[in-house]
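Below are the chains, spelled out letter by letter.
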Amino acid sequence: MRIGLALGGGGLTGTAFHAGVLTALADHFDAREAKIIVGTSAGSTAAALMRSGFPPKDYVARVAGLPMSAEGKAILGAMPPLSAAAEPTPGPRRPASADLSRAILKRPWRYRPGVALSALLPAGTRPMDPGAQRLRSLFEAWPQAAMWLIAVDLQNGQRVAFGRDAQASVGDAVAASCAVPGYFEPVEIAGKRYVDGGAYSMVSLDLLAGQGLDLVIASAPLSTADWLARDPGNAPRVVVRTQLEREARKVRAGGTRVLTVAPDARMRAVMGTNSMVVTKRAPVALAAREYANAVFRREL
């Protein structure tokens, strides 16, 4: 089967959710063998790890600080352990993009809400480079197998897929894809500034339409398995799911099956409403592995 992966945004807990999903998926399919991997924000780090050859069965162990296999340790080499986000850079905060802000104020209907916020919010002050540096050590060049890492161009508000329609080092592309507006500094690549691809689409599942795939598996940490649940924080997740369902219809229209893994009520309780809490990475990864195991046993 030709299988594609779409790994969505979700902050630190989103990365942990991907770890659980891809570790559970390894009992059915090795994510390293995916024909195309689309990674957005937290999903870009997961995509890069899979394309580095890192064994998905070690992913939960990596996030939770548990012993990894010899293969996993060899792939990561001297790569340092996961760490907290860098401290903010002192100094005045400036608008992320004055030019794009003016364009949005003139014609707001042309831009997605997340893109508009990215331009109008003050630029983030935490540098992305320390996190991206960990991944730079794994790649001498862009991997041959298809990997598209999603960011937003702050000059025009358009979605950019590094590895498909733009070029960058893997480390820079991951940094750009993860640059949460208002939190992390925009990332400059070849004279252009980029922010988190989730501002345009939290998963960018639609990019896999028309790619001749048999199955697409979407891991969507910020979506929801429940339309009507009233637990704290589910309402914004319904917005993400609405966007995701719209994109999934485009993929299914070409005859490709779409399987989405999104948190149910119990999983959401473990994740909480703040996706940037470092201490939640281990419990989220372990819970997501158990949750995704049940999903894949039922659906695959």
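Structure's up top.
Quantities reported herein were computed from a predicted structural model and do not represent experimental measurements.

Chemist: Tell me about the pattern of salt bridges, residues and numbers included.
Modeler: Applying the stated rule across the entire model yields 13 salt bridges. For E299, the salt bridge goes to R298, with nearest N and O atoms at 3.4 Å. Take R298: its relative accessible area is 57%, and that puts it in the exposed class. Overlapping salt bridges bring together D30, R32 and E71 as one network.

Chemist: So what's going on with unusual backbone geometry? Which residues, and what values?
Modeler: Unusually for a residue other than glycine, S41 sits at a positive phi of about 55°. Within the element layout of this structure, S41 appears in the loop between β2 (36–40) and α2 (42–51). For S41, a relative accessible area of 4% corresponds to the buried category. In this structure, S204 is a non-glycine residue whose phi angle is positive, near 55°.

Chemist: Talk me through the pairing of β2; I want residue IDs and the actual numbers.
Modeler: For β2, a buried count of 5 out of 5 residues is recorded, marking the element as mostly surrounded by other parts of the structure. Along β2, one buried face is formed by I36, V38 and T40 and the opposite face, lined by I37 and G39, is buried too. After leaving strand β1 (residues 3–7), the chain enters helix α1 (residues 11–25) and then returns to the sheet as β2, a path that is right-handed. As paired strands, β2 and strand β3 (residues 146–153) are joined by 5 bridges and run parallel to one another.

Chemist: How would you sum up the nonpolar core? Please name residues and give values.
Modeler: Nonpolar side chains tend toward joint burial in soluble globular proteins. L5, F17, L22, Y59, F162 and F296 are the most contacted members of the largest nonpolar core, which has 61 residues in total. Those residues within four positions of L22 in sequence are excluded, and the remaining contacts are L5, L7, A31, A46, M50, P56 and Y59. Grouped together as the second largest cluster of nonpolar side chains are 20 residues, M202, V203, L205 and V240 included.

Chemist: Before we move on, could you go through the packing of aromatic side chains and cite the residues and values that matter?
Modeler: Following the criterion strictly, the structure yields 3 aromatic pairs and no others. For the ring pair Y183 and F184, a centre distance of 4.8 Å and an interplane angle of 85° mean the geometry is edge-to-face. Classification of Y183 as partly exposed rests on a relative accessible area of 24%. For F184, a relative accessible area of 10% gives the class buried. Directly above the ring of Y200 sits R112, whose terminal nitrogen or CZ lies 4.0 Å from the centroid. Over the ring of W148 we find R164; its NZ or CZ atom is 5.4 Å from the centre of that ring.

Chemist: Lay out the packing of helix α5 (residues 98–106) against helix α6 (residues 113–120) with the relevant residues and their values.
Modeler: Across the interface, α5 lies against α6 with an axial gap of 8 Å and an inter-helix angle of 135°. With respect to α6, the element α5 is oriented oblique. Judged by the sense of rotation from one axis to the other, the crossing of α5 with α6 is left-handed. Along its contact with α5, which presents L100, S101 and I104, the element α6 presents V115, A116, A119 and L120. Residue classes in the contact of α5 with α6 are distributed as 6 nonpolar, 1 polar and no charged.

The rules behind these values
- Once a new chain begins, its residue numbering starts again from 1 and follows that chain's sequence as written.
- A pLDDT threshold of at least 70 governs which residues receive local features in this predicted model, and a stricter bar of 80 or more applies before side-chain atom pairs are shown or counted, although totals over entire chains, interfaces and linings include all residues.
- Side-chain measures here rest on the full set of heavy atoms in the structure, leaving out hydrogens and waters.
- Salt bridges are counted wherever a side-chain nitrogen of Lys or Arg sits within 4 Å of a carboxyl oxygen of Asp or Glu.
- A simple rule labels every residue: compare its accessible area, found with a 1.4 Å probe on the protein chains alone, to the largest value its type can have, and call it buried under 20%, exposed over 50%, or partly exposed in between.
- Note on conventions: DSSP H or I runs of at least 4 residues are helices, E runs of at least 2 residues are strands, and numbering of each starts at the N terminus.
- Look down the strands so they point away from you; if going from the first strand over the helix to the second traces a clockwise path, that crossover is right-handed.
- Whether two strands pair comes down to DSSP finding at least two bridges between them.
- Buried Ala, Val, Leu, Ile, Met, Phe, Trp, Tyr and Cys residues that are joined via side-chain atoms within 4.5 Å together make up what is termed a nonpolar core.
- We call two residues contacting when some pair of their heavy atoms lies within 4.5 Å.
- Think of it this way: a Phe, Tyr or Trp ring, Trp meaning its six-membered ring, pairs with another when their centres are within 6.5 Å, and the plane angle makes it stacked under 30 degrees, edge-to-face over 60, tilted otherwise.
- In this analysis the charged atom, NZ for Lys or CZ for Arg, is taken to sit over a ring once it is within 6 Å of the ring centre and within 35 degrees of the ring normal.
- The angle between two axes is taken between their N-to-C directions and runs from 0 to 180 degrees, where each axis is a line fitted to C-alpha atoms and a helix contributes only its stretch in contact.
- Each angle is binned into one of four classes, with values under 35 degrees roughly parallel, values over 145 roughly antiparallel, values of 65 to 115 roughly perpendicular, and all other values oblique.
- Left-handed describes a crossing whose near helix is turned anticlockwise from the far helix by less than a right angle; the clockwise case is right-handed.
- Amino acid classes used here: Ala, Val, Leu, Ile, Met, Phe, Trp, Tyr, Cys and Pro are nonpolar; Asp, Glu, Lys and Arg are charged; the rest, including Gly, are polar.

The values reported here are purely geometric and, on their own, carry no functional implication.
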